[in-house]
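What the coordinates show
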Amino acid sequence: MLPCISIFHSVLPWWVMNGYDVIVVGAGPSGSALAKLLAASGVRVLMLDAEAFPRRKPCGESLNPGAVAALGRIMGHPHAEESFDFPHSPIEGWRVISGRASLEAAYPAGQYGVGCRRERVDQWLVEHAVRAGAAFEQRTRVERLIWEGERVAGVIARSPEGRPISLRASIVAGSDGLRSVVARHAKVNRYGSLRKAAFTTRLNGVSGLTGRVELFTPGGGKVIGLAPIGGGQANMTVALSHAHEAALAGKDRSGYVLREARAVPELMERLREAEIEGDIMACGPFDRPVLPHDIAGMVLLGDAAGYYDPLTGQGIYRALRSAELAAPAIVETLRTRSPDPIRRYGSARQEEFATGTRLQHIIERISRQPLLWRTALRMIGASSLLTNKLAIVIGDCPKEAKTCIPVMKSP
Ligand SMILES: Cc1cc2nc3c(=O)[nH]c(=O)nc-3n(C[C@H](O)[C@H](O)[C@H](O)COP(=O)(O)OP(=O)(O)OC[C@H]3O[C@@H](n4cnc5c(N)ncnc54)[C@H](O)[C@@H]3O)c2cc1C
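This brings us to the domain arrangement of the protein. How large an interface is tends to be reported as the accessible area lost when its parts come together. Each domain of the protein was delimited in the assignment, giving domain 1 (14-58 + 119-192 + 288-368) and domain 2 (87-115 + 195-283). With centres defined by C-alpha atoms, the gap from domain 1 to domain 2 works out at 29 Å. Facing the nine residues of domain 1 at the interface are 11 residues of domain 2. For the pair domain 1 and domain 2, the summed buried area comes to about 1000 Å², and 52% of that belongs to carbon and sulfur atoms. At the boundary of domain 1 with domain 2, the tally comes to three salt bridges.

Shown next, in the form of structure tokens:
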């Protein structure tokens, strides 16, 4: 369980509340992984999240093999997912179905993804960060940045009791997701042109679940994703090509989502007995480009550092990987007082994700044109070389050992 003593019950002197090297805003995968790595390196870290944990997050809830491998590196032992104390399901690959065309791909031997409830895996990560020594305050919403000239020097947050609090640190890490307040206040993010929306939900009673993520693309820009998340449940995400289409759901989101999914011929029978568990979460739009920036005292990770489209399910990998890349840069910046390591982190992250991002744009564009899309699925499916290559890129499958360990202790 997470500690419940709040540093904001201000019997504490100001230097305890401000005695942090790094404030991590947001405790999703990028924030928790960063907090864990920094705390393990001796950095004094305070992580803040607006929500009470465990909290749900709209997501297809499948970690690709790259994300699973990153978890292993961050936790310091391979197969870290084996210590998940909650239901989860191995994922061996994916299948895309569009009318009579389909493409099925398996991850390379020995590599697999994992489907599980996001609130559980995110909570698990937070607990690891706290155990490594990071302080964590939930229900604490960051409202804006504190500036000292051109430099970010801390944040103004709202405590769980609604009091404004000013917190200072050498570095503020924006891990606060798609609608990052940190990026917005630094004026580096904007809305992109892609205006999609999605509903995500959990289903009981889906028949024929395989150990694969299934994507049904019936046309009209609609994508229905189905992934096993353990305990016999499936995550179902219905993505729509225009945010305004989501309004069609009106108040009856469950009815709308099930109707849309059952209208896909391949799903009609499989969803006959399916029932929705819990709330349906709506979200979108997703396209949030971030402008090149160089702001002293600030670093962005995960979705806050830029996001495009959930179709290929690579967001958790990128969140974890950005933490792996940022942690040693932050340690080095704290040690040397030079902004260069954080600058280099920005370029390294961009470079590492560039191929995947280009592919995401291509897939998104082609998937809007049913004829072209089906032809592409058939063509790629006819070549095992192409299919395997695509599975490796989209799965962020590690080719060689990547490193993540912060190299030295902070001063
Ligand atoms: C519909 C959909 C389906 C997806 N499916 C998949 C999938 O199957 N696989 C996959 O890998 N990726 C998927 N993604 C992407 C994935 O969910 C994200 O890329 C990932 O969660 C990013 O992690 P993060 O840590 O950057 O941000 P988040 O997980 O969004 O975490 C951000 C945290 O910051 C907190 N926060 C926000 N604002 C503030 C504030 N002002 N103050 C304090 N805290 C704040 C939030 O409460 C949250 O806990 C999907 C995304 C969407 C939208």
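Anyway, onward from the coordinates.
This paragraph deals with the environment of Tyr107. Secondary-structure assignment places Tyr107 in the loop between strand 6 (101-106) and strand 7 (113-116). The spacing of Tyr107 and Ala261 is 154 residues in sequence and 26 Å in space, taken between C-alpha atoms. When near neighbours in sequence (up to four residues on either side) are disregarded, Tyr107 contacts Asn64, Pro65, Ile91, Glu92, Gly93, Trp94, Tyr112, Gly113, Ala391, Gly395 and Cys397.

Ser30, Asp49, Gly60, Ser62 and Asp303 are the nearest of the 40 residues found near the ligand. Here an oxygen atom of the ligand and a backbone polar atom of Pro29 are 3.3 Å apart. Note that a nitrogen atom of the ligand is positioned 3.0 Å from one of the backbone N or O atoms of Ala50. About the coverage of the ligand: the protein hides 93% of its 990 Å² of free accessible area.

A few words on the nonpolar core. Residues Val22, Leu34, Leu38, Leu320 and Ile330 are the most contacted members of the largest nonpolar core, which totals 52 residues. When neighbours within four sequence positions are excluded, Leu320 is seen to be in contact with Pro29, Ala33, Ala67, Ala70, Leu71, Ile74 and Leu125.

Our next topic: the packing of helix 2 (residues 29-40) against helix 4 (residues 118-132). With their axes 8 Å apart at the nearest point, helix 2 and helix 4 run at an angle of 20° to one another. In this view, helix 2 runs roughly parallel relative to helix 4, as classed from their interaxial angle. The way helix 2 lies across helix 4 gives a crossing that is left-handed. Side by side, helix 2 and helix 4 meet where Pro29, Ser32, Ala35, Lys36, Ala39 and Ala40 of the first sit next to Arg118, Asp122, Leu125, Val126, His128, Ala129 and Ala132 of the second. Classifying every residue of the contact of helix 2 with helix 4 by side-chain character gives eight nonpolar, two polar and three charged.

The full count for this structure, using the stated rule, is five aromatic pairs. The structure contains a cluster of three or more aromatic residues connected by ring pairs, namely Phe84, Phe86 and Trp124. Geometry around Tyr191 places Arg195 over its ring, the cationic atom sitting 5.4 Å from the centre. Its end group placed over the ring of Tyr191, Arg288 keeps NZ or CZ at 3.8 Å from the ring centre.

Let us now look at the pairing of strand 12 (residues 197-204). Here strand 12 lies mainly inside the structure; seven of its eight residues are buried. Bridge analysis of strand 12 against strand 15 (residues 233-240) gives seven bridges, and the strand direction is antiparallel. When the bridges of strand 15 are listed, Arg202 appears paired with Asn235. Bridge count for strand 12 against strand 16 (residues 275-283) is six bridges, and the pairing is antiparallel. Note that in strand 16 the partner of Ala198 across the bridge is Cys283.

The next point concerns empty space enclosed by the protein. Taken as a whole and judged by the stated rule, the model has two cavities of 30 Å³ or more. Space inside the largest cavity adds up to approximately 90 Å³. Secondary structure elements with two or more residues in the lining of the largest cavity: strand 13 (212-219), strand 14 (222-230) and helix 9 (340-367). Looking at the lining of the largest cavity, its residues break down into three nonpolar, five polar and four charged. Counting contributing residues per domain, the lining of the largest cavity is built from domain 1 (14-58 + 119-192 + 288-368) and domain 2 (87-115 + 195-283), each supplying no fewer than three. Roughly 40 Å³ of volume is contained in the second largest cavity.

This structure, assessed with the given rule, holds 25 salt bridges. With a closest N to O distance of 3.8 Å, Arg259 and Asp252 form a salt bridge. Among the residues examined, Asp252 registers a relative accessible area of 40% and is labelled partly exposed. Note that Glu364 and Arg368 form a salt bridge whose closest N and O atoms lie 2.9 Å from each other. Arg368 gets classed as partly exposed once you look at its relative accessible area, which sits at 41%. Among the charged side chains, a salt-bridge network with shared partners connects Glu61, Arg117, Glu119, Arg202 and Glu277.

Definitions and limits used
- The residue numbering used here restarts from 1 in each chain and proceeds along that chain's sequence as written.
- Per-residue local features of the predicted model are confined to residues with pLDDT of at least 70, and side-chain atom pairs are confined, for both listing and counting, to 80 or more; whole-chain, interface and lining totals are unaffected and use all residues.
- To obtain the side-chain values, all non-hydrogen atoms of the structure were used and water was disregarded.
- Domain boundaries shown here were taken from an automatic or database domain assignment.
- Two residues form a contact once any of their heavy atoms are found within 4.5 Å.
- Buried area: the accessible surface (1.4 Å probe) lost by two parts on joining, summed over both.
- Throughout this description, the term salt bridge denotes a Lys or Arg side-chain nitrogen within 4 Å of a carboxyl oxygen of Asp or Glu.
- Working definition: helices are DSSP H or I runs of at least four residues, strands are E runs of at least two. Numbering for both runs from the N terminus.
- Nearness here has a simple test: a residue counts as near a molecule or strand if at least one of its heavy atoms is within 4 Å of that partner.
- Side-chain atoms alone can form a polar contact between residues adjacent in sequence; in general such a contact is a pair of N or O atoms within 3.5 Å, and within protein one must be able to donate a hydrogen while the other accepts it.
- Per-residue and other accessible areas follow the Shrake-Rupley method at a 1.4 Å probe size, with only the shown protein chains counted as cover for residues.
- What we call a nonpolar core is a set of buried Ala, Val, Leu, Ile, Met, Phe, Trp, Tyr and Cys residues that are connected through their side-chain atoms within 4.5 Å.
- Think of it in three bands: with a 1.4 Å probe and only protein chains considered, a residue is buried below 20% of the maximum accessible area for its type, exposed above 50%, and partly exposed in between.
- Here, axes are lines fitted to C-alpha atoms. For helices the fit covers the stretch in contact, and angles between N-to-C directions go from 0 to 180 degrees.
- Oblique is the label for every angle not falling under 35 degrees (roughly parallel), over 145 degrees (roughly antiparallel), or within 65 to 115 degrees (roughly perpendicular).
- Each helix crossing is assigned a hand: it is left-handed if the near helix lies turned anticlockwise from the far helix by less than a right angle, otherwise right-handed if that turn is clockwise.
- Note on residue classes: Ala, Val, Leu, Ile, Met, Phe, Trp, Tyr, Cys and Pro are nonpolar, Asp, Glu, Lys and Arg are charged, and everything else, Gly too, is polar.
- Two rings belonging to Phe, Tyr or Trp (six-membered ring only in the last case) form a pair when the distance between their centres is within 6.5 Å. Interplanar angles under 30 degrees mark stacking, angles over 60 mark edge-to-face geometry, and anything in between is tilted.
- Charge-over-ring contacts are defined here by two conditions on Lys NZ or Arg CZ: a distance within 6 Å of the ring centre and an angle within 35 degrees of the ring normal.
- Two strands are said to pair when DSSP picks up at least two bridges between them.
- In this analysis, the protein atoms alone were mapped onto a 1 Å grid. Cavities are point sets where a 1.4 Å probe fits without being able to get out; pockets are open sets with protein on both sides within 12 Å along at least five of seven lines; lining residues have an atom within 4 Å of a point.
- Grid points are joined across faces, edges and corners, and a volume is the space filled by probe spheres set on the points.

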